Amino acid sequence: MFGRADRRFSEGQRALARRDFPGAERLLGEAAAADPQRAHIRLYLAHALAEQERRAEAERALAVAIGLRPGAFVFPLHGAIIALDVGDLDRARELLGVATTLARANRLVAGYGELLHWTARGGPPPAAVARAAGELSPSFGARVLLHAAELLLDTHGVRATVALLEPANEPAGIPMPLRIGALRHRDRVLYAEHLLERGRFDDALCYLTGQPVLMADPRVPALLERARRSAVRSVDEALAACAPGRRGALLLQRYEAENDLGDIDAVERTLGAWREDYVAAGAPARERALAAAVIRRLAIVELERGRHEAALELCAASRHARPERETAGVEALARLGLGQRRAARHAFEDFLKNALFPLDRRLGAVPGSPA
């Protein structure tokens, strides 16, 4: 049904999709030799070469494609993408100008134009970039996410960058009602303090965090910290006397309070203890999803400490427990920390692929200056 060029072209595209770049280069090279006049083969070959850090060869392949199809915008567009990936903004601007002249109304061309402008200018993602990231392909979204993550890591650190990869908390449709006891107190913060004095730490936390209006009160931060530290002590007492089957839930409860306190050393100890229990129990299948999340959170702790190789190892362990797209996002940050921008972009593509992730809304929440 197909000739040699068609077969090799299809095989080369599949190799490129699974990131077998040397294999894609070989197959696409054979396709180009069998059909030298087909420009699109040269385009895919250019990407296979560029992903192997052989940009000069990639540009020669694209130059041949442009010579074969001088009126097609796709070839200068992809030349601009290859230049943008290595930070050559002048060459990207030149080629994108050609693509824009040939296809001014094309959404992908316009999207890369906005991305190039933002990359050169800096600052938080413009609305046009965020909108394009929500509408265009995962490969475009990954490039936008890569640049946003680099900016956030430089200005706000790991926690803010990890938050970019998490869906925003949806506002509650119905506000949390006041507790009956609170109705007898004009001072709601004082009511929360009374809950603490009676040892109802979880109730105090739920009450304070469930009433957004209270967060403006200057007494609340200290009260929250007191409640969380008291909750940790309460869990520790329960752990000392609990049955084995209750230990895992209590450890995770302690983790929540420690995480809210920002105590990464305590978080590492608590989640490490949970992981040890999981392994000792034979890694039960019913807990694999939870184990993947716990190990991924341990990887984030390593990111916060700047230990990127250790974070990558934990990402691999999380994926072994259960492959999840969220792990690819953490891996991308670890690879960025190691200076592996291409690998980070690939991980961001995996993070976005086939996901109902509101990238446009998350980009809209990126802060513009250090906190």
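Source: prediction; values computed, not measured.

Colleague: Account for the overall build of the protein, naming residues and giving values.
Modeller: Each helix and strand in the protein was counted, giving 20 helices and 0 strands. The buried share of the protein, taken over its 371 residues, is 43%. Within the protein, contacts between residues at least 6 apart in sequence are counted, and of these 59% link residues at least 24 apart. Per element, the accessible surface of the protein, about 19000 Å² overall, is 53% carbon and sulfur. Distance between charge centres in the protein, computed from 53 positive and 48 negative side chains, equals 4 Å.

Colleague: With reference to specific residues and values, describe the nonpolar core.
Modeller: Judged by nonpolar contacts, the single largest core of 71 residues is most densely connected at Tyr112, Phe140, Val144, Leu145, Phe348 and Leu363. Per-element accounting of this core gives the leading share, 9 residues, to helix α16 (residues 288–304). With sequence-adjacent residues up to four places away left out, Phe348 is seen in contact with Ala142, Leu145, Leu146, Ala149, Leu165, Gly329, Ala332, Leu333 and Leu336.

Colleague: If you had to explain the packing of aromatic side chains to someone new, which residues and values would you point to?
Modeller: Given two aromatic rings, their pairing is described by the distance between the two centres and the angle made by the two planes. Throughout the structure, instances matching the rule amount to 4 aromatic pairs. Centre to centre, the rings of Tyr112 and Phe140 are 4.9 Å apart; their planes meet at 85 degrees, and the pair counts as edge-to-face. A residue pair is termed long-range when its members are at least 10 positions apart, and Tyr112 in helix α7 (residues 107–121) and Phe140 in helix α9 (residues 138–155) qualify at 28 residues. Its relative accessible area of 0% is what places Phe140 among the buried residues. With 5.0 Å between their ring centres and 70 degrees between their planes, Phe351 and Phe357 make a pair best called edge-to-face. Exposure remark for Phe351: the relative accessible area of 1% places this residue in the buried category.

Colleague: Explain the confidence of the model for the protein to me, using residue names and the numbers behind them.
Modeller: Looking at the protein as a whole, the pLDDT averages 89, with 93% of positions reaching at least 70. Helix α12 (residues 201–209) is the least confidently modelled element of the protein, averaging 77 in pLDDT, while helix α17 (residues 308–321) averages 98, the highest of any element.

Colleague: Please give an account of the packing of α16 against helix α18 (residues 325–337) that cites residues and values.
Modeller: Put simply, α16 and α18 touch, their axes get as near as 10 Å, and they point 15 degrees apart. The pairing of α16 with α18 is recorded here as roughly parallel in orientation. α18 is crossed by α16, and the crossing has left-handed handedness. Residue-level contacts link Arg296, Ala299, Ile300 and Leu303 of α16 to Glu326, Thr327, Val330, Leu333 and Ala334 of α18. For the contact of α16 with α18, a count of residues per class yields 6 nonpolar, 1 polar and 2 charged.

Colleague: Provide a residue-level description of helix α19 (residues 341–352), including the pertinent values.
Modeller: In this model α19 runs 16 Å from its N-terminal to its C-terminal C-alpha over 12 residues, within 8% of the 16 Å that 1.5 Å per residue would give. Burial analysis of α19 places 9 of its 12 residues in the buried class, the great majority of the element. Residues Arg342, Ala344, Arg345, His346, Ala347, Phe348, Glu349, Phe351 and Leu352 constitute the buried set of α19. Where α19 is buried, its residues contact α2 (21–34), α3 (39–50), α5 (74–85), α9, α18 and α20 (359–364). Just downstream of α19, Asn354 is the residue with a positive phi angle, here 55 degrees.

Thresholds applied
- Residues numbered from 1 in each chain as written.
- Predicted model: local features only at pLDDT ≥ 70, side-chain atom pairs only at ≥ 80, totals over all residues.
- Heavy atoms only, no water.
- Helix = DSSP H or I, 4+ residues; strand = E, 2+ residues; numbered from the N terminus.
- Buried < 20%, exposed > 50% of the residue type's maximum accessible area, 1.4 Å probe, protein only.
- Contact = heavy atoms within 4.5 Å.
- Areas by Shrake-Rupley, 256 points an atom, 1.4 Å probe, with all protein chains shown as cover.
- Lys, Arg positive; Asp, Glu negative; His and termini not counted.
- Charge placed at Lys NZ, Arg CZ, Asp CG, Glu CD.
- Core = buried A, V, L, I, M, F, W, Y, C linked by side-chain atoms within 4.5 Å.
- Phe/Tyr/Trp six-rings, centres within 6.5 Å; stacked < 30°, edge-to-face > 60°.
- pLDDT = per-residue confidence, 0-100.
- Axes fitted to C-alpha atoms, helices over the stretch in contact; angles between N-to-C directions.
- Parallel < 35°, antiparallel > 145°, perpendicular 65-115°, else oblique.
- Left-handed = near helix turned anticlockwise from the far one by under 90°.
- Nonpolar A, V, L, I, M, F, W, Y, C, P; charged D, E, K, R; others polar.
- Expected span 1.5 Å × (residues − 1).

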